[in-house]
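An overview of the molecular structure
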Amino acid sequence: MKIKKADQVKVILGKDKGRVGVVEKIYPKSHKLLVKGINMYKKHVKKSESFPKGGIVEINRPMLDNKVMLVCPNCKEKTRVGYTLDSKQQKQRLCRKCHKVIK
Ligand SMILES: [Zn+2]
């Protein structure tokens, strides 16, 4: 996947459109990612050992990767990701806007 853990991403579709967050977890098989504080859902829970009072909890749900774009750490713009090879022939991600390598 083009987006990696700890990347900053901007939401481009859906209810959180325009918000920026940091990727906490990647789910490559389902093309989903968990972005901290984005795609939060309220869930009603019954009383249980982990929720002794019951009530409403907020759950951070994974979202599809096509709903976000990477925010380039160099130019701070949301961008598509390209690839380039470094001197060791290792694939590096490249910002299509400022053409710098994204770590
Ligand atoms: Zn850039």
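Residues numbered from 1 in each chain as written. Predicted model: local features only at pLDDT ≥ 70, side-chain atom pairs only at ≥ 80, totals over all residues. Heavy atoms only, no water.

Side chains of a nonpolar character, in soluble globular proteins, are inclined to be buried together. Membership of the largest hydrophobic core is limited to nine residues, which are Ile 3, Val 9, Val 11, Val 23, Leu 33, Val 35, Ile 38, Met 63 and Val 68. Apart from residues no more than four positions distant in its own chain, Leu 33 is found in contact with Met 1, Ile 3, Val 23, Lys 25, Ile 26, Tyr 27, Pro 62, Met 63, Asp 65 and Val 68. If you look at the next biggest cluster of nonpolar residues, it comprises five residues, including Leu 70, Cys 72, Val 81 and Cys 95. (Core = buried A, V, L, I, M, F, W, Y, C linked by side-chain atoms within 4.5 Å. Buried < 20%, exposed > 50% of the residue type's maximum accessible area, 1.4 Å probe, protein only. Contact = heavy atoms within 4.5 Å.)

A surface patch of positive charge is lined by Lys 2, Arg 80, Lys 91 and Arg 96. Summarising the element assignment, Arg 96 is placed in the loop between strand 10 (91-95) and strand 11 (101-102). (Patch = residues over 30% accessible without salt bridge, like charges linked within 9 Å, V, L, I, M, F, W, Y side chains within 5 Å. Areas by Shrake-Rupley, 256 points an atom, 1.4 Å probe, with all protein chains shown as cover. Salt bridge = Lys/Arg side-chain N within 4 Å of Asp/Glu carboxyl O. Lys, Arg positive; Asp, Glu negative; His and termini not counted. Charge placed at Lys NZ, Arg CZ, Asp CG, Glu CD. Helix = DSSP H or I, 4+ residues; strand = E, 2+ residues; numbered from the N terminus.)

Within the secondary structure, Ser 87 is located in the loop between strand 9 (81-85) and strand 10. Spatially, the C-alpha atoms of Ser 87 and Leu 34 are 32 Å apart, while their sequence positions differ by 53 residues.

Here we come to the sheet that holds strand 11. Read from one edge to the other, the open sheet built from three strands follows the order 9-10-11, with strand pairing classed as antiparallel. The sheet is open, and its two edges are formed by strand 9 and strand 11, each paired on a single side. As judged from the two bridges shared by strand 10 and strand 11, these two strands associate in the antiparallel manner. Looking across to strand 11, one finds that Leu 94 is bridged to Val 101. (Pairing = 2+ DSSP bridges.)

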